[in-house]
Amino acid sequence: MKLNSKLFLTVSLIVILMSLSNIFFIQIDITNDKRYSLSKSSLTKLKKIDEPLIIDIFLEGDIPETYIPFRNELDAILNRLKYYNSNIIVKYNDPFQYGKSASIIEQMKKFGFTPEIVVQNKNGNRMENIIFPWAIFSYKTKSQKVELLQKQLGDNQNMKIIRSMQLLENKIMDGIFRVSINEKKNIAVLSSNGTSKNIKIADLLKNIKSYYNLSAFNFKFSKASSIQILDSLKKFDLLIISNASEKFTQNEKYILDQYNLNGGKLLWMINGVAIDRDSLFNKSGKSYLLPQDLNLEDYFFNYGIKIKKTLIQDIYCAPIVVASGNNDKTQFIPYPWVYYPIIKPEETIIGKDTAPIICRFASPIEAIDNRLSKSLLLKSSNFIKTSAFPEEISLEQATKKITPSAFKQKSKAIGYLVQGEYNSLFKNRIKPFKTDSNIEKGNIELVVISDGNLAENQIDKGSPLPLGYDKWTNNFYANRSWIINVIHTLAGNTDYLVTKGKKWNFAFFDTQKTKKNSQVWKWTLIFLPILIGIITLWVGSKLRSKHLRL
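What counts and how
Residues numbered from 1 in each chain as written. Predicted model: local features only at pLDDT ≥ 70, side-chain atom pairs only at ≥ 80, totals over all residues. Heavy atoms only, no water. Helix = DSSP H or I, 4+ residues; strand = E, 2+ residues; numbered from the N terminus. Polar contact = N/O pair within 3.5 Å; in protein donor to acceptor, adjacent residues only side chain to side chain. Buried < 20%, exposed > 50% of the residue type's maximum accessible area, 1.4 Å probe, protein only. Pairing = 2+ DSSP bridges. Salt bridge = Lys/Arg side-chain N within 4 Å of Asp/Glu carboxyl O. Axes fitted to C-alpha atoms, helices over the stretch in contact; angles between N-to-C directions. Parallel < 35°, antiparallel > 145°, perpendicular 65-115°, else oblique. Left-handed = near helix turned anticlockwise from the far one by under 90°. Contact = heavy atoms within 4.5 Å. Nonpolar A, V, L, I, M, F, W, Y, C, P; charged D, E, K, R; others polar.

Participant: I'd like a description of the side chain of Ser363, backed by residues and values.
Facilitator: Residue position: Ser363 is located in the loop between strand S17 (357-358) and strand S18 (365-367). Among the polar contacts made by the side chain of Ser363, one reaches the main-chain amide nitrogen of Gly272 at a distance of 3.4 Å. In terms of polar contacts, Ser363 uses its side chain to reach the backbone carbonyl oxygen of Thr310, at 2.7 Å.

Right, dumping it as structure tokens:
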């Protein structure tokens, strides 16, 4: 009777605890890396979701073994989101539920879902799987697609999966942020002064318009006075200036100066020297470095920045494809091109967990001491040399062997974030035009990058390609994600970047050792449980017989 009572109480307690676990959610994250906890910024955003938000996941069906941990982590994060807000609805979609035809893959590509091809070797056989690690976030009238994998040039399979798992929360919250944002900040993109044509920055603009209101801004608008232009510019939180090639007048510099001092942020991407790229890639294959005079030397010097009139040649560089031969015998051969440095962004909140980016014809930046804070964002490798105008650049240089001993100079800065309280460039000077709102001092914030081409995408058959993608080598660099991080920082959306700071600790099996000892482990796992069972039974029988004798 006592035994039955104890059994009844035990079963009852288990049932009660299971029932309570369905009602109350208690989770204690005791991991050092806090991988099972959502960040405060994520929880804040989740509280604002007041209508059904649907997340369609396409990583479903026949998933390769290497991606099962990634999928498990994705499920875990989505379940946590659903707990904290019942308006989160998750749907799983198998793209291949009606077969694995090439037409399905092409259809997915048309919708912008790039497939991930996973190659595995099983028992000496090569197996190829195609998966779509994508999600669509739908909320009210908005919809956004998000790629869940974070790729970096040179990653192996493990590194790619680890990085993607670490950034899953960031990716998911990015999708939620983009579809649920109510009030967007305003960003202007300078269209005058010889800046990048729209088609050359089309991919960047397409990818930031879900976060911000975008508008072109023209300093040369003839029907507006300088005061009207300044007043109009003050309505924007950030001004992006990409690859300006025409001089800025004193009036325009004063507008920029007053805009910045009044709290407006600036993102400068400009070249220190000019090079005619059309001439370089035509039949002659030659061009010359020319002085780039934008009339901005005193403007940047006031902020403690000097863009040198030289060009960085870096031994760590991207390839350039050069045509060799004629007609049917033409070959396209990739060669290292020292004028295209590959840069690993600095580990700031902007560059954390960001893949390498590609620069094209970048110049060194010298930081001058003053009261302003200057945070290094980009720098070259420690093996560079510089060239100044007048100097000829030819594609033939790419075919020549690189001599490492010639690259003796140490790393040079290519990008800075400048912040702090500082004086106007026009303090104690005659103003180019009169305005009642003139201020002599204020808090400024700007990013200066000495590569005007950084935000420019390539074009294929009249259409813009993804920013960072090189159609000649099929390499993909992280220019887009890094620049978007810069824009978020300048626009004050740093909460979005906080979720990128997680670092997980992973331990992997030594695959070579496990393969070598696979037979030992196989037989051990078969016979060890049997042996443990026999020993347990033997010990139990001995104890029972001893108890009976007593």
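Participant: Kindly report on the pairing of strand S9 (residues 238-242), identifying the contributing residues and their values.
Facilitator: For S9, a buried count of five out of five residues is recorded, marking the element as mostly surrounded by other parts of the structure. Taking every second residue as pointing to the same face, both faces of S9 are buried, with Leu238, Ile240 and Ser242 on one and Leu239 and Ile241 on the other. The pairing of strand S7 (residues 185-190) with S9 spans three bridges and is parallel. Paired with Val189 across the bridge in S9 is Ile240. With five bridges joining them, S9 and strand S10 (residues 265-269) adopt parallel strand pairing. Residue pairing for S10: Ser242 is matched across the bridge by Met269.

Participant: Residue-level account of the pattern of salt bridges, with values.
Facilitator: Taken as a whole and judged by the stated rule, the model has 17 salt bridges. For Lys253, the salt bridge identified is with Asp298, shortest N-O distance 2.8 Å. Remark: Asp298 occurs in helix H11 (residues 297-302) and Lys253 occurs in helix H9 (residues 250-261); sequence separation between them is 45 residues. Its relative accessible area of 30% is what places Asp298 among the partly exposed residues. Here the salt bridges do not stand alone but share partners, grouping Glu60, Arg71 and Asp75 into one network.

Participant: Requested: an account of the packing of helix H3 (residues 68-84) against helix H6 (residues 168-180), with residues and values cited.
Facilitator: Here H3 crosses H6 at 50°, and the two axes come no closer than 10 Å. Comparing the axis directions of H3 and H6 gives the class oblique. Considering only the axes of H3 and H6, their crossing is right-handed. Residues Phe70, Glu73, Leu74, Ile77, Leu78 and Leu81 of H3 form the contact with H6, whose own contacting residues are Leu168, Glu169, Ile172, Met173 and Ile176. Across the contact of H3 with H6, the residue classes tally to nine nonpolar, no polar and two charged.

Participant: Hey, could you go over unusual backbone geometry for me, with residue numbers and the actual values?
Facilitator: The backbone of Asn295 sits at a positive phi, close to 60°, despite the residue not being glycine. Within the secondary structure, Asn295 is located in the loop between strand S12 (286-291) and H11. The partly exposed category is assigned to Asn295, whose relative accessible area is 26%. Backbone geometry at Lys461 places phi at a positive 55°, although glycine is not the residue there. In this structure, Lys461 sits in the loop between strand S24 (459-460) and strand S25 (463-464). Accessibility expressed as a relative area gives 82% for Lys461, which makes it exposed.

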